[in-house]
Amino acid sequence: MKISTWNVNSVRARIDNINKYLKISSPDLVLLQEIKTEDQNFPYNDLKKLGYVSYVKGQKSYNGVSILSKKKLNDIETSLPGDKVKQSRFISTNIKIKNIKINLINIYVPNGNPVDTDKYFYKLDWLSLLIKFIEKKIKNGDQIILAGDFNIIPEEIDAYDSDKYINDALFRVEIRKKFRELINLGLNDAFRTFNKKDGNYTFWDYMRGSYQKNHGLRIDHMLVSSSLIDLIKKIEIKKNIRSQLKPSDHVPLECTFI
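Residues numbered from 1 in each chain as written. Predicted model: local features only at pLDDT ≥ 70, side-chain atom pairs only at ≥ 80, totals over all residues. Heavy atoms only, no water.

What to know about the overall build of the chain
The helix and strand inventory of the chain stands at six helices and 13 strands. Taking 18 Å as the expected radius of gyration for a compact globule of 258 residues, we find that the chain reaches 17 Å, a close match to that expectation. Judged by the C-alpha coordinates and their principal axes, the chain covers about 45 × 45 × 35 Å. A sequence separation of at least 24 residues applies to 69% of the contacts in the chain between residues at least 6 apart. Accessible area of the chain: about 12200 Å², with a carbon and sulfur share of 47%. Each charge class in the chain was averaged separately, 43 positive and 31 negative side chains, and the resulting centres sit 5 Å apart. (Helix = DSSP H or I, 4+ residues; strand = E, 2+ residues; numbered from the N terminus. Rg over C-alpha atoms; globule rule 2.2 N^0.38 Å. Contact = heavy atoms within 4.5 Å. Areas by Shrake-Rupley, 256 points an atom, 1.4 Å probe, with all protein chains shown as cover. Lys, Arg positive; Asp, Glu negative; His and termini not counted. Charge placed at Lys NZ, Arg CZ, Asp CG, Glu CD.)

Rendered as structure tokens:
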């Protein structure tokens, strides 16, 4: 089974790139973030022609998440418990890999900039709610795949120049501690488990030739329960997609399970 996560930065603006990726890579499940459209305007038919059923939690012009699947899914949840702001940042379902039931969760974490504003404190609160939610799931014995755009640079190795982000909401110490709290619950950063090298990023700004210079950030992640690590055959960042015409500023992170 192949599962991808991708911040597409507007599903309608990137539909040609999305279609191309689905045709070439053919993932079984795709977790999309920042779809930037209401449910009724989502391109269901375009994706259905490629064999995908779409499950959507949209929002006008901003945010929004969805799950594309080759098979019909059940148990769709579209809200993070306790989130009173109720932006469209969460969607989950249950799947099976090797007959193991897994809670698959797609998230789009708030950016949080500028720091020390309402946006920043909302990010901290949202992450605290997520940690509480995941902790409860794990205590109940659930197996977890938590993926999406975390808007977190976990370590210095995950930025082309981490010094530039010391006081950024993506890299502030208290934000990175939230990421570490998730790991400490019993989750593993799947990409870093298999690749320790620097220079591996999932995001490049549109400005200043960032992609051409590889001035990027690794802020899109897939965290998995420890018991699922041995099921991972391959995980890779599909970097070349960033060189397409009118690309998203993010690229897919793709994980293949045996």
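Now that the structure has been shown, we can carry on.
A closer look at the sheet that holds strand β6 (residues 100-108)
Across the sheet, which stays open at both edges, the five strands sit in the order β5-β6-β7-β11-β8 with mixed pairing between neighbours. Edge strands, defined here as strands with exactly one partner in the open sheet, are β5 (90-97) and β8 (187-189). Put simply, the sheet's adjacent strands are angled 20° from each other on average, direction ignored. Pairing of β8 with strand β11 (residues 220-225), which is carried by three bridges, proceeds in the antiparallel orientation. What sits directly across from N188, in β11, is V224. (Pairing = 2+ DSSP bridges. Axes fitted to C-alpha atoms, helices over the stretch in contact; angles between N-to-C directions.)

As for the pattern of salt bridges
Scanning the model with the defined rule gives 13 salt bridges in all. A salt bridge links K139 to E135; the shortest N-O distance between them is 3.7 Å. Separated by four residues within a single helix, K139 and E135 lie in helix α3 (residues 118-139), roughly one turn from each other. Residue classification places K139 among the exposed positions, given a relative accessible area of 67%. The class of E135 is partly exposed, set by a relative accessible area of 32%. Close ionic contact of E174 with R172 constitutes a salt bridge, the shortest N to O distance being 3.4 Å. Residue class for R172 comes out buried when judged on its relative accessible area of 12%. One salt-bridge network, held together by shared partners, links K2, K234, E236, K238 and E254. (Salt bridge = Lys/Arg side-chain N within 4 Å of Asp/Glu carboxyl O. Buried < 20%, exposed > 50% of the residue type's maximum accessible area, 1.4 Å probe, protein only.)

Here's the deal with the layout of surface pockets
What the largest pocket holds in volume is close to 440 Å³. Those elements that place two or more of their residues in the lining of the largest pocket are β9 (203-204), α6 (210-213) and β10 (216-217). In terms of residue class, the lining of the largest pocket is made up of eight nonpolar, nine polar and eight charged. (1 Å grid on protein atoms, 1.4 Å probe; cavity = no way out; pocket = protein on both sides within 12 Å on 5 of 7 lines; lining within 4 Å. Points joined across faces, edges and corners; volume = space filled by probe spheres on them. Nonpolar A, V, L, I, M, F, W, Y, C, P; charged D, E, K, R; others polar.)

Some thoughts on the side chain of H250
Turning to its location among the elements, H250 is positioned in the loop between β12 (232-237) and β13 (253-257). Classification of H250 as buried rests on a relative accessible area of 3%. A polar side-chain atom of H250 sits 3.5 Å from a polar atom in the side chain of N7. Within polar-contact distance, the side chain of H250 engages the side chain of D220 at 2.9 Å. (Polar contact = N/O pair within 3.5 Å; in protein donor to acceptor, adjacent residues only side chain to side chain.)

A short note on the packing of aromatic side chains
Overall, the coordinates contain seven aromatic pairs when judged by the stated rule. An angle of 70° between the planes, with centres 5.8 Å apart, marks the rings of Y120 and F121 as edge-to-face. You can call Y120 buried: its relative accessible area is 1%. When its relative accessible area of 41% is taken as the criterion, F121 is described as partly exposed. For the pair W204 and Y211, a centre-to-centre distance of 5.3 Å together with 90° between the ring planes defines the contact as edge-to-face. The exposure class assigned to Y211 is buried, which follows from its relative accessible area of 15%. For R89, the ring lying beneath its charged end belongs to Y108, and the centroid distance is 4.9 Å. Stacked on the ring of Y120, the Lys or Arg R172 has its end atom at 5.2 Å from the ring centre. (Phe/Tyr/Trp six-rings, centres within 6.5 Å; stacked < 30°, edge-to-face > 60°. Lys NZ or Arg CZ within 6 Å of the ring centre and 35° of its normal.)

Things to note about the nonpolar core
Ranked by internal contacts, the top residues of the largest apolar core, which has 48 residues, are I3 and I145. Non-local contacts of I3, meaning those with residues more than four positions away in its chain, are made with L29, I95, I97, L104, I145, M222, L253, E254, C255 and F257. Counting 26 residues, the second-largest nonpolar core is a separate cluster that includes L80, I107, L124 and F179. (Core = buried A, V, L, I, M, F, W, Y, C linked by side-chain atoms within 4.5 Å.)

Some thoughts on the packing of α3 against helix α4 (residues 173-184)
As a packed pair, α3 and α4 sit with axes 10 Å apart at the nearest point and diverge in direction by 10°. Judged on the interaxial angle alone, α4 and α3 are roughly parallel. On α4, the residues touching Y120, K123, L124, L127, S128, L130, I131 and I134 of α3 are E174, I175, K178, E181 and L182. Considering only residue class, the contact of α3 with α4 consists of eight nonpolar, one polar and four charged. (Parallel < 35°, antiparallel > 145°, perpendicular 65-115°, else oblique.)

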